[in-house]
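# Overview (structure and organization)
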Amino acid sequence: MSSTIREAGAGAGASKVMSLQARAAANMPVPSEHGIARNPGMKLDLGFLESVRSVNRSALERRVATLTKRRSIKADNQAAWLLRVIACMDLTTLNSNDTDERVRRLCAKAVNPLRRDIVDGLGIAGETIRPAAVCVYHPFVATAVDALRGTGIHVAAVSTAFPHGLAPLSTRLQEIEASVRDGADEIDVVIPRGLVYGAKWRELFNEIVAMRAACGEAHLKVILGTGDLATLRNVMLASMVAMMAGADFIKTSTGKESVNATLPVGLAMVRAIRAYFEETGYLIGFKPAGGISTAKVSLDWLVLMKEELGRPWLEPDLFRFGASSLLTDIERQLEHHLTGHYSANHRHAMA
Ligand SMILES: O=C[C@H](O)COP(=O)(O)O
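Cut-offs used in this document
Residues numbered from 1 in each chain as written. Predicted model: local features only at pLDDT ≥ 70, side-chain atom pairs only at ≥ 80, totals over all residues. Helix = DSSP H or I, 4+ residues; strand = E, 2+ residues; numbered from the N terminus. Buried ≥ 20, exposed ≤ 12 C-beta atoms within 10 Å, placed from the backbone. Contact = placed C-beta atoms within 7 Å. Near = placed C-beta within 6 Å. Nonpolar A, V, L, I, M, F, W, Y, C, P; charged D, E, K, R; others polar. Pairing = 2+ DSSP bridges. Axes fitted to C-alpha atoms, helices over the stretch in contact; angles between N-to-C directions. Parallel < 35°, antiparallel > 145°, perpendicular 65-115°, else oblique. Left-handed = near helix turned anticlockwise from the far one by under 90°.

### Comments concerning the overall build of the protein
Scanning the protein for helices and strands turns up 14 helices and eight strands. The buried share of the protein, taken over its 351 residues, is 48%. The long-range share in the protein, meaning contacts at least 24 apart out of those at least 6 apart in sequence, stands at 79%.

Pasting the structure below:
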């Protein structure tokens, strides 16, 4: 396993991953018109996990401060970048009061994410700007599949005793299989955090391997619940175990922890993705989720992805925001871009 991860807390200046041309020349898996070559996973490398002693939090924080201060998205380009945020969004509803009707309304919003006057004002009437997926609890998968049929928008299901993952493995696997049967394209699973506290890496690996098998063709996003994991070392190691076990994406949070997606923790995960890439040649997706509700913060995340991993990670195949209210703020900012005024949130009702 490469040394990149051991240096994950090192300061600025870390190189981006290899260009697509260089990858092709080196016969490595490359994104194609059929999508990204899927991560098959690898053997659990316990020796490598033991070799990771600590992660330098302050170095990660310094790097984030530099990236967000020297923001490379100019004001003139911000509208275009906000449209990219929409394209990389898993528009989410994960509430105790979700209903079929609410999910249908959210799906309708996904199909037409921006008000007509904003679309016309931006001159994008001929373009299809839509979230990558709608993310729901398992009982609403069939409703979302029905509502989104023919739109190209995926349905993502949180299917393993979300948000805590505290059910027998057999129950969690059955839930995944049921979501896949109902038509989910993507499955967001949570890890039982206790396996991380106990350093039960083999057990965690085996669980994720079984989840990946239960997903079949559906893509697997592994939620770490980083706010619960206590240390950045745990975040790094859990990220690596998830990727070794065959995760297509690693995801920060459920949105239900007291601390959800933060940029320094995201940076640690992104560097784990880079290390996995350097070892295996496979490109793993990243999904920050939970508490990302402003356009400004979403742009910070895009800058981080672009600077740390490069252009391929600005596409929905490799990058998603998990967010329930971000679209509302993006609409407001786009309206401000066009008119110079902000309107009230209720004019951009989500559902
Ligand atoms: O996976 C997505 C999250 O649950 C969304 O969290 P949020 O409601 O804080 O945006």
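Still more to cover.
### A few points about the site of the ligand
Close to the ligand lie T92, L94, C135, T254, G255, A289, G290, G291, G322, A323, S324 and S325, which account for all nearby residues. Taken together, the residues that form the shell around the ligand break down as four nonpolar, eight polar and no charged.

### Observations concerning the sheet that holds strand 5 (residues 219-223)
Strand order in the open sheet formed by eight strands is 7-6-5-4-3-2-1-8, and the pairing between neighbours is parallel. The open sheet has two edge strands, strand 7 (285-287) and strand 8 (321-323), and neither has a second partner. The mean angle between the axes of side-by-side strands here comes to 25 degrees, regardless of whether they run parallel or antiparallel. Relative to strand 3 (residues 154-158), strand 2 (residues 133-137) runs parallel, the two being bridged by five bridges. Residue pairing for strand 3: V136 is matched across the bridge by A157.

### Examining the packing of helix 11 (residues 232-244) against helix 12 (residues 263-280)
In contact at an axis separation of 9 Å, helix 11 and helix 12 are set at 40 degrees when each is read in the N-to-C sense. When the axes of helix 11 and helix 12 are compared, the pair comes out oblique. Of the two elements, helix 11 crosses helix 12, and the hand of that crossing is right-handed. Between helix 11 and helix 12, the residues in contact are L232, V235, M236, S239, M240 and M243 and V265, A268, M269, A272 and Y276, respectively. Here the contact of helix 11 with helix 12 is built from residues that sort into ten nonpolar, one polar and no charged.

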